[in-house]
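Topology and contacts: notes
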Amino acid sequence: MAKRRRLRSKEDSVKTKLFNLDELIDSIPIDVDIPIVDECSGPKRTTTEIHASSSVNLLTKPLNIVQIPSRQRRRLTTIKKKVSHLDPLDDKLFLKHHQRAEKSEKKMTNIEKERVFTEYDYYLHCLEQLKTVCQDYEASMVPNQQMMLRITEPFTTIDDPNDRQEVLMKIQLLIGEITKFTRTFERLRKLELKLKTLHNNFYHQIDNPEDSDTEEEAHMDVKRLRETRFYRRLKHGPLIKIRFLDGTVLVKDAISPPKVINF
Amino acid sequence: MSDNEGYYGVTQKRNIRRVRLGDNEFDTLYGNSVYFLEGHHDMLGYEAVNAHQRIHHRKHSEPQINGDTDSYWLDTLYVCDLCFKYTRDEALLNSHLSVCKHNYRFPGKTMYKDNFTIKKVSGYRHTILCQNLCLFAKLFLDSKSVYFSIENFDFYVVLGESNGRRVPMGFFSKELLSWDENNLACILIFPPFQRKRLGHLLIEFSYELSRFEGKVSGPEFPLSAFGKIGYLKYWSKVICRELLYGRFSDCQSITLQKLSKFTCIRVKDLISTLDYMGSWFTTSDIENSKSLDQYPLAISRSVLKQWIKGESSNCQKLIQEDSLVLY
């Protein structure tokens, strides 16, 4: 039976509700101009202090680093009666154990994947219900409060169910957050399938510009490297650059996704 | 000592006392039970699995920690500093070092070439190397949950000169299927090579990669203690550089969105950093506040300047753009 994995994403304190929408509502808006001033004497923004974790004492723990003279190493090898050119730590030595351990790790990953799949189905279902509730609140003078509370209860707290503004804001934020989740899931699924295809085709590709790992490149200087890779990429299609009047530049080549350079 | 039964790979105490990496030998910081098979703590995992392997035993006296007698599963682990293959036998490692296939060339695609080289090593292409790297890294990282299923990870390894050889000095890993599109999963500079600003170099490189990909990104959370310090320093330098001397040095105001897009640093990381530097002020008491009434917070340049002075930092980039080859 696979052990639990300590996932860093789950290490935060347990939230009673899935989405902390109050935090979203109170957060600093990202599209408002914030003044930059030279001097000021006003009060600083109240902040939570950035704490290091309890392992902070490890930052200064001495590790007693000792350098072993290389002559000592060579002397040890001459003690061996037979000099062998075979690698005593060949890959095959590790293969069995690592493959078994990989299978075991994948079991844990699959448990997590299954959970995400279930969540995805559940969230899709909830999304439909939330949209219905949202329409009800927007259109009706007497919306169905009980239904609204039942649907929003797993996700967030409504402080005042009679406050239409709060209810609508939170439902809309919830719809936004759930839509983000489902889109991220769909994006990752597509990417996973793309990576699988890449891996399967990898050894059949004669020239893989994305992951060249050749000996000849290892000895090239930066300028030569850039030229070689640039011309190799061009074999797969042209490089297109569109300059807009406001200075924005759109770049697309045959391999990478399109990029916007606007500074 | 026993495994922490809750979590994979985590032990309550260090189970390997010291590690020899190439020419350097040093203490470990954390335990790693994944080097061993469950229930077989007297030998390494591959030794237990390969039942026919001739086992070399070394007897050693029980070492002490902080004056207390404590037993380790292994006193010293010997690790090749090029391929990170590991063994309990010093002689075996020394034999391997002269024939290690990475003696001639460390694998991977060169992405940065200067005094230090950064190479991208695909977890799919170089499975054993990357798995061994993850196993080794756990000895110095509190939190790590992936060691063997690394086919969807890229590893960016920084190489430098040490005693006439070009060796790996640290690395960061990047998950290709990251939920939050993180640009870094874990980062480690190996203990003998710390204090050379290589951590900063790798963090800066990870953001150059994000810039090349056209993404606003950041590290996987939560950060370790080392990670928190490293990242806050990096983010602070970037904000100071751009607001004092760089792109926004002449601006009277800025949006977090614009700053985020330009620096490729996430908005929440920018906010944490501005909080950390104490550079946010409420505008009600700021001079000439008539023109500043559009938003109740403002950023102070003088505080940023004081921060740079306090850190004795020059905010310049470590990465030389001419040395980058990101495609």
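About the cut-offs
- Residues numbered from 1 in each chain as written.
- Chains lettered and ligands numbered in written order.
- Predicted model: local features only at pLDDT ≥ 70, side-chain atom pairs only at ≥ 80, totals over all residues.
- Heavy atoms only, no water.
- UniProt positions renumbered as here; feature names shortened; annotations may be inferred.
- Helix = DSSP H or I, 4+ residues; strand = E, 2+ residues; numbered from the N terminus.
- Buried < 20%, exposed > 50% of the residue type's maximum accessible area, 1.4 Å probe, protein only.
- Contact = heavy atoms within 4.5 Å.
- Areas by Shrake-Rupley, 256 points an atom, 1.4 Å probe, with all protein chains shown as cover.
- Pairing = 2+ DSSP bridges.
- Axes fitted to C-alpha atoms, helices over the stretch in contact; angles between N-to-C directions.
- Phe/Tyr/Trp six-rings, centres within 6.5 Å; stacked < 30°, edge-to-face > 60°.
- Salt bridge = Lys/Arg side-chain N within 4 Å of Asp/Glu carboxyl O.
- Polar contact = N/O pair within 3.5 Å; in protein donor to acceptor, adjacent residues only side chain to side chain.

For chain B, the name recorded in an unreviewed UniProt entry is histone acetyltransferase, with Komagataella phaffii as its organism. What UniProt states about chain B under its Subcellular location (unreviewed entry) heading is, verbatim, "Nucleus". As recorded by UniProt, the Sequence similarities (unreviewed entry) comment attached to chain B reads in full: "Belongs to the MYST (SAS/MOZ) family."

Per an unreviewed UniProt entry, chain A goes by the name Something about silencing protein 4 domain-containing protein and belongs to Komagataella phaffii.

So, about the overall build of chain A. Along chain A, the regular secondary structure elements total seven helices and five strands. Ordering the α and β elements of chain A from the N terminus gives α-β-β-α-α-α-α-α-α-β-β-β. In chain A, buried positions account for 32% of the 263 residues. A sequence separation of at least 24 residues applies to 47% of the contacts in chain A between residues at least 6 apart. Counting only carbon and sulfur atoms, one obtains 54% of the accessible surface of chain A, whose full area is about 18,500 Å².

As a further point, take the sheet that holds strand E9 (residues 109-113) of chain B. Residues and elements named next belong to chain B. Taken in spatial order, the five strands make up an open sheet running E9-E10-E11-E12-E13, and their pairing is antiparallel. Both edges of this open sheet fall to E9 and strand E13 (186-189), since each of them pairs with a single strand only. Neighbouring strand axes in the sheet, compared pairwise and without regard to direction, differ in orientation by 25° on average. Judged from the four bridges that link them, strand E12 (residues 165-175) and E13 form a sheet pairing that is antiparallel. Paired with Ser-173 across the bridge in E13 is Cys-186. Sheet strands in contact with helix H3 (residues 127-138) are strand E10 (117-122), strand E11 (153-162), E12 and E13, and its direction is about 75° off that of E11.

If you walk through the whole model with that rule in mind, you get 27 aromatic pairs over all chains. Judged by centre distance (4.9 Å) and plane angle (50°), the rings of Phe-181 of chain A and Trp-179 of chain B are tilted. Of this pair, Phe-181 of chain A sits in helix H5 (residues 164-201) while Trp-179 of chain B is found in the loop between E12 and E13, placing the two residues in two different chains. Take Trp-179 of chain B: its relative accessible area is 32%, and that puts it in the partly exposed class.

This part covers the sheet that holds strand E8 (residues 86-87) of chain B. Within the open sheet, the five strands sit side by side as E2(A)-E2(B)-E1(B)-E7(B)-E8(B). Their pairing is mixed. Of all the strands in the sheet, the pair left with one neighbour each is strand E2 (66-67) of chain A together with E8 of chain B. Taken together, the two bridges between E2 of chain A and strand E2 (residues 24-27) of chain B define a ladder with antiparallel strand orientation. Each residue of the ladder has a partner; that of Val-66 of chain A, found in E2 of chain B, is Glu-25 of chain B. Contacts between helix H2 (residues 90-99) of chain B and the sheet are confined to strand E1 (16-21), strand E7 (74-79) and E8 of chain B, with E7 of chain B contributing the most and set at about 5° to the helix.

Moving on: the pattern of salt bridges. Residues and elements named next belong to chain B. All chains considered together, the criterion is met by 26 salt bridges over all chains. A salt bridge links Arg-17 to Asp-75, with the nearest nitrogen and oxygen atoms 2.6 Å apart. Of this pair, Arg-17 sits in strand E1 while Asp-75 is found in strand E7, placing the two residues 58 residues apart along the sequence. Judged by relative accessible area, Arg-17 falls into the partly exposed class, the value being 23%. Residue Asp-75 is classed as buried on the basis of its relative accessible area of 14%. Several salt bridges share partner residues, and in doing so they unite Arg-18, Arg-20, Glu-25, Asp-27 and Glu-90 into one network.

A few words on unusual backbone geometry. Residue and element names in this part refer to chain B. Each neighbour pair has its own omega, and for Phe-221 with Pro-222 the value is -5°, a cis peptide bond. With respect to the element layout, Pro-222 can be found in the loop between helix H4 (198-213) and helix H5 (225-245). One non-glycine residue, Asn-163, lies in positive phi territory at about 50°. If you check the backbone angles, Cys-264 has positive phi at about 65° while not being a glycine. The topology assignment puts Cys-264 in the loop between helix H6 (256-263) and helix H7 (267-277).

Residue and element names in this part refer to chain B. Positionally, Lys-138 belongs in helix H3. Between the alpha carbons of Lys-138 and Val-34 there is a distance of 9.2 Å; along the sequence they are 104 residues apart. Here Lys-138 is in contact with Gly-9, Val-10, Tyr-30, Gly-31, Asn-32, Lys-144 and Tyr-147, once residues within four sequence places are set aside. Looking at Lys-138, its side chain comes within polar contact range of the main-chain oxygen of Gly-31, at 3.0 Å.

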